[in-house]
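Observations on the three-dimensional arrangement
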Amino acid sequence: MQSESAPPDDLLVVRDLVRGFGTVPVLAGVSGIVRGGEVLLVTGRNGSGKSTLLRCLAGLLRPQAGSIQLREGGADLDGAARRHRVGYVAPDLAFYEPLTAAENLVFFCRLRGVARERAGDLLARLGVPPSRPAGALSSGMRQRLRWAWALLHEPRLLLLDEPFQNLDAAGETALRALLDEHLAAGGMAVVATPAALALSRVSAKLALDAPAALPGAA
């Protein structure tokens, strides 16, 4: 049994994160924490930095200040490892449009060293037509495919930017079930949304607002 003073095996800690673009401030001193089995819910209006925060957590953007600690199985991961380990869902995530949904996922299975059967299982679970070209999928089916891509390698941390966007009731129900299973198995999630969103296992909420200026800016 783990003592109360021992660090948890899975943990995400964000401390005083700063990120801007040129003279435009986006994040100014953002902090938060999420542990295994928990959700950190990030809210804020458009332009408040929700997507920028998730890109930093995914290792796609480098913060200008502050720190990100992601621990899996007791080991801390650097930015390069985060890019390979997290599961990321975002509205701008695109696929190879001439390839079918199955071909897209099988390609990423090869890159990640995942058995191709995993792709078929997720497409069937989410009701995505495997033989349809990605460019011919509806917006709701593309969102389901984004989730399948994010879950391919069974990540411990899911980063979900407007995760239920463009989904019908059946699609949202299926994806909520997958999220609940992920959390029940000890996974973590950071969910960004511009509007109120009811989720289970929310341990903390982080409300973002566009900062007036970057620290130290003239």
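Residues numbered from 1 in each chain as written. Predicted model: local features only at pLDDT ≥ 70, side-chain atom pairs only at ≥ 80, totals over all residues. Heavy atoms only, no water.

A word on the overall build of the chain. Each helix and strand in the chain was counted, giving six helices and nine strands. By the compact-globule yardstick of 17 Å for 218 residues, the chain fits well, its C-alpha radius of gyration being 18 Å. Structurally, the chain occupies a C-alpha span of about 55 × 45 × 30 Å along its principal axes. Surface exposure of the chain reaches about 10,500 Å², of which carbon and sulfur atoms provide 52%. The average position of the 24 basic charges and that of the 21 acidic charges among the side chains of the chain differ by 4 Å. (Helix = DSSP H or I, 4+ residues; strand = E, 2+ residues; numbered from the N terminus. Rg over C-alpha atoms; globule rule 2.2 N^0.38 Å. Areas by Shrake-Rupley, 256 points an atom, 1.4 Å probe, with all protein chains shown as cover. Lys, Arg positive; Asp, Glu negative; His and termini not counted. Charge placed at Lys NZ, Arg CZ, Asp CG, Glu CD.)

Attention shifts here to the packing of aromatic side chains. If you walk through the whole model with that rule in mind, you get five aromatic pairs. Ring geometry for Trp-147 versus Phe-164: centroids 6.1 Å apart, planes at 15 degrees, classification stacked. Residue Trp-147 is located in helix H5 (residues 139–151), and its partner Phe-164 is located in the loop between strand E7 (157–161) and helix H6 (169–184); the two are separated by 17 residues in the primary sequence. Here Trp-147 and Phe-164 have matching classes, each one buried. Grouped by ring-pair contacts, the aromatic residues Tyr-96, Phe-107, Phe-108 and Trp-149 constitute a single cluster. Between the NZ or CZ atom of Arg-112 and the centre of the ring of Trp-149, over which it lies, the distance is 5.5 Å. (Phe/Tyr/Trp six-rings, centres within 6.5 Å; stacked < 30°, edge-to-face > 60°. Buried < 20%, exposed > 50% of the residue type's maximum accessible area, 1.4 Å probe, protein only. Lys NZ or Arg CZ within 6 Å of the ring centre and 35° of its normal.)

Counted under the stated rule, the structure contains eight salt bridges. Across the pair Asp-76 and Arg-71 runs a salt bridge, and its minimum N-O distance is 3.3 Å. Taking the shortest distance from any N to any O, the salt bridge between Arg-144 and Asp-168 comes out at 3.1 Å. Taken together, the positions of Arg-144 in helix H5 and Asp-168 in the loop between E7 and H6 put the pair 24 residues apart, joining distant regions of the chain. (Salt bridge = Lys/Arg side-chain N within 4 Å of Asp/Glu carboxyl O.)

Let's shift gears to helix H3 (residues 101–112). With 12 residues, H3 should reach 16 Å at 1.5 Å per residue; the first-to-last C-alpha distance of 17 Å fits that figure. Buried residues of H3: Ala-101, Asn-104, Leu-105, Val-106, Phe-108 and Cys-109, and no others. Residues of H3 that are buried make contact with helix H4 (117–126) and H5. Just downstream of H3, Gly-113 is the residue with a positive phi angle, here 70 degrees. (Expected span 1.5 Å × (residues − 1). Contact = heavy atoms within 4.5 Å.)

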